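# Architecture and fold: a report
The primary structure of each chain is shown beneath.
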Amino acid sequence: VFQSLPQNIVKFASPPCISPSFYLGCTDILCCILFILALLGYFAVGILAWSQGDPRKVIYPTDSRGQFCGQAGTPMEKKPFLFYFNILKCASPLVLLEFQCPTTQLCVEKCPDKHLTLVQAKISNKDDQEYYRQYCKDGVDFNKLVRSFHCPQITRRCLPALGTMKGGVVVVGNQTTINVDGVNINATDVLESNVVVEARQVAMRIFEDYTQSWHWILLGLVIAMLVSLIFIVLLRFLAGVMVWVMIVLVILVIGYGIFHCYMEFAALKGEPGADVTLRDLGLQTDFAIYLQIKQTWLAFMIILAIVEVIIILLLIFLRKRLLIAIALIKEASRAIGHVMSSLFYPLLTFALLAVVIAYWAITAVFLSTSNEQVYKVFNNSECEFSRETCDPKTFNVSNISAQCPDAECLFAFYGGETLYHKYLILLQFYNVFLFFWCANFVTALGQVTLAGAFASYYWAFKKPEDIPAYPIFSSLGRALRYHTGSLAFGSLILSLVQIIRVLLEYLDHKLKGAQNKFAKFLLSCMKCCFWCLEKCIKFLNRNAYIMIAIYGKSFCTSARDAFFLLMRNIIRVAVLDKVTDFLLFLGKLLIVGIVGIFSFFFFSGRIKAVEDAAPSLNYYWVPILTVVVGSYLIAHGFFSVYAMCVDTLFLCFCEDLERNDGSSERPYFMSPELHEILSKTKRLEEEDHDGLGKKMLCCVGF
């Protein structure tokens, strides 16, 4: 019996005289050393970034002197808004490269609410002159040409109040043209300039929404965690009933979504502006506008209806296999019942992933804000010193101001000429790569830990007597002590593919304006291929980690053994494993649907009882989407316990079939219930084989 057991599990069933170290040894040591060195370098990058960075550059807008508008304890504390002298210059490519418009910018107390030019201000009354003067640079009289736009208060930056009249005519205020330096410019041209800056405003509004609703988002995620935990616990004791309840509830929740979309669609009938199409509306920064037109709700209704039909058809076609998958989930529930601590292990994975994400995000912010203020020469006429670096303190007495009278030394962007600043982009790249590597390592650690615990359950000949006392802790200890290198190796391979995909997305973004169709086609093919490669590697890694947990071998050997084992049982993979994954996916969908519906009604203020408690937001879809995505990740974490249990039992089951024959000399380690599942899959395989043979005979006869 002990000879038929996997080496890594023998110690649980073997006599005390056999040493566990005889069967265990460190794997992929070289990759383990490389991973530790990479982590030390990652910590060094973080310390360097934290010593150089300044997050205020992200939170506060910066004027032409590099001062932070609205920052407490500074002269600009009461001037929280940023005013652009010439918004048209924000359409320059420099805005995308340097994140700063090449025009004078001032911190102001409020955005202008009048249309005034220099000539109008000179001939106007004293009040208008004083009003106009506050938007001039300090120490500059009306001899300096400046512009003023009527603009709303948009997240601390002053932008033109652009609107669209019926027929698609763009206006600034109520005018279709504006005068800049004596030249009439169409409002459409201003709109093109405004889009570049408006994108940053949307990001700032989203940031403000998070500051207003973060505690409600956390509450929603906690509720999702509790719902997931309750569902998993009920699945442990009432697996068969809960699976059918889950299927029915998923159909009902999606059906309610279709009904709600129809009611919203019907309620907008006859409303002014509701018949505008999505194409005519175009891209709007206020996304709530889309919910006020009928076509949006019609699109939602059609999408949900298609999803509903697909799920129902899949359930009909897989009705025989569903019974077998439910039986396998019951067997997994029994395994989880003997390893109850596995239900709470996802909390450790969540905590570790939260640390990895937080470290990456904080390091990225500090790296991106660790530049120094760089000033450059900006001018309207021909000047040989244009765009050269300058010093605002000595600019007025330099040769540049003498040769170029209209030139100004303005804050351009954050940068630097030191060795640190030259390699800053490489540090950002290293930050992203280590983020992928660490996140994949944490995921791999969770998978191999759960696999080791469930494998110890399966290979225990007498259940539960032969199961170790603390299977999760024992498996975690073995993974960290012996297989850190193997986990780092698998994570490294996956991270390399993911970073290549990031680079391809970056290239695709850069080539959006290119006219080379062949380059676009080639890039699209490469993106598709690497997406498929990433999915394949994730699948192989997952099964390789299970084999590592069972046998304690290296990553490459385990990946090869897992691949050929699955290929020898490919029909069982389709019959058992993937149908079970589909049922677990429906469980995730149910939790996301329940939490998403309640968050939608809460944040949109449609629940009268808690209407006053809902925060005031720019975009109420921001916390809704955050809660929905977070709920899916939480549900995925809890259901991953069941998915890992099913996958582990399946591989152990296949190994058991190849090693043993059920005789008294070589008995099966599977339970009688799992053996019954095997009998059902055999019958399904025979039916599929007979059906395929009949179809081939019919084709030949035809």
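Reading guide: rules and limits
Residues numbered from 1 in each chain as written. Predicted model: local features only at pLDDT ≥ 70, side-chain atom pairs only at ≥ 80, totals over all residues. Heavy atoms only, no water. UniProt positions renumbered as here; feature names shortened; annotations may be inferred. Helix = DSSP H or I, 4+ residues; strand = E, 2+ residues; numbered from the N terminus. Buried < 20%, exposed > 50% of the residue type's maximum accessible area, 1.4 Å probe, protein only. Contact = heavy atoms within 4.5 Å. Areas by Shrake-Rupley, 256 points an atom, 1.4 Å probe, with all protein chains shown as cover. Core = buried A, V, L, I, M, F, W, Y, C linked by side-chain atoms within 4.5 Å. Pairing = 2+ DSSP bridges. Disulfide = S-S within 2.5 Å. Salt bridge = Lys/Arg side-chain N within 4 Å of Asp/Glu carboxyl O. Axes fitted to C-alpha atoms, helices over the stretch in contact; angles between N-to-C directions. Parallel < 35°, antiparallel > 145°, perpendicular 65-115°, else oblique. Left-handed = near helix turned anticlockwise from the far one by under 90°. Nonpolar A, V, L, I, M, F, W, Y, C, P; charged D, E, K, R; others polar. Phe/Tyr/Trp six-rings, centres within 6.5 Å; stacked < 30°, edge-to-face > 60°. Patch = residues over 30% accessible without salt bridge, like charges linked within 9 Å, V, L, I, M, F, W, Y side chains within 5 Å.

Looking at an unreviewed UniProt entry, one finds the protein named Choline transporter-like protein, with Sphaeramia orbicularis as its source organism. Turning to the protein, the UniProt record has this under Sequence similarities (unreviewed entry): "Belongs to the CTL (choline transporter-like) family."

This next bit is on the overall build of the protein. Per the secondary structure count, the protein includes 22 helices and 10 strands. Split into buried and exposed, the 702 residues of the protein put 46% on the buried side. If you take every contact in the protein between residues at least 6 apart in sequence, the share linking residues at least 24 apart comes to 73%. Accessible area for the protein stands at about 36,200 Å²; split by element, carbon and sulfur atoms hold 66% of it.

Judged by nonpolar contacts, the single largest core of 115 residues is most densely connected at Val 243, Trp 437, Phe 454, Tyr 458, Leu 583, Leu 586 and Tyr 642. Excluding anything up to four places from it in sequence, Leu 583 contacts Val 243, Met 246, Ile 247, Leu 322, Ala 325, Ile 326 and Ile 329. Tyr 375, Phe 385, Phe 395 and Cys 404 belong to the second-largest nonpolar core, a separate cluster that totals 10 residues.

Right, let's talk about the pairing of strand β2 (residues 105–108) for a bit. Of the two faces of β2, the one lined by Gln 105 and Cys 107 and the one lined by Leu 106 and Val 108 are each fully buried. Two strands pair when backbone bridges link them, and strand β1 (residues 81–84) and β2 are joined in this way by four bridges, in the antiparallel orientation. If you follow Phe 81 over to β2, its bridge partner there is Val 108.

Scanning all chains against the criterion turns up one disulfide. Paired by a disulfide, Cys 69 and Cys 107 hold their sulfur atoms 1.8 Å apart. Measuring the twist about the S-S bond at about -75°, one finds the Cys 69-Cys 107 disulfide to be left-handed. Pair noted here: Cys 69 is in the loop between α3 (56–59) and β1 and Cys 107 is in strand β2, with a separation of 38 residues, a long-range link. Each member of the pair Cys 69 and Cys 107 is classed as buried. The closest cysteine sulfur to the non-disulfide-bonded Cys 556 is located on Cys 31, 9.6 Å from its own sulfur.

For the rest of this paragraph, the subject is the pattern of salt bridges. Applying the stated rule across the entire model yields eight salt bridges. Lys 527 is the salt-bridge partner of Glu 505, the closest N and O atoms lying 3.6 Å from each other. Linking Glu 505 in helix α17 (residues 484–510) with Lys 527 in helix α18 (residues 517–551), this pair joins segments that are 22 residues apart in sequence. Among the charged side chains, a salt-bridge network with shared partners connects Arg 501, Glu 534 and Lys 538.

Relative to the elements of secondary structure, Cys 645 occurs in helix α21 (residues 621–659). Owing to a relative accessible area of 0%, Cys 645 belongs among the buried residues under this scheme. Placed 194 residues apart in sequence, Cys 645 and Ala 451 show a C-alpha to C-alpha distance of 6.8 Å. The residues touching Cys 645, leaving out its near neighbours within four places in the chain, are Ala 332, Ala 335, Ile 336 and Phe 454.

A separate point is unusual backbone geometry. If you check the backbone angles, Asp 28 has positive phi at about 50° while not being a glycine. Assignment of secondary structure puts Asp 28 in the loop between α1 (7–13) and α2 (29–52).

It is worth spelling out the packing of helix α12 (residues 345–368) against α21 at this point. Contact pair α12 / α21: the axes reach a minimum separation of 9 Å and the direction vectors enclose 135°. Looking at the two axes, α12 sits oblique to α21. Considering the relative orientation of α12 and α21, their crossing is right-handed. Note on element contacts: α21 touches α12 through Leu 633, Ile 634, Gly 637, Phe 638 and Val 641, opposite Pro 346, Leu 347 and Phe 350. Its residues placed into classes, the contact of α12 with α21 shows seven nonpolar, one polar and no charged.

This structure, assessed with the given rule, holds 20 aromatic pairs. With a centroid separation of 6.2 Å and an interplanar angle of 50°, the aromatic rings of Tyr 545 and Phe 555 are classed as tilted. With a gap of 10 residues between them, Tyr 545 in helix α18 and Phe 555 in helix α19 (residues 555–568) connect regions that are remote in the sequence. Look at Tyr 545 and you get buried, because its relative accessible area is 3%.

Attention now moves to a nonpolar patch on the surface. On the surface, Val 222, Leu 226, Ile 230, Leu 234, Phe 237, Leu 238, Val 241, Val 245, Val 248, Leu 249 and Leu 252 cluster together into a nonpolar patch covering about 970 Å² of accessible area. Those elements that provide at least two residues to the nonpolar patch are α7 (187–237) and α8 (239–267). Mapped onto the fold, Leu 249 is located in helix α8. Residue Leu 249 is classed as partly exposed on the basis of its relative accessible area, which comes to 34%.

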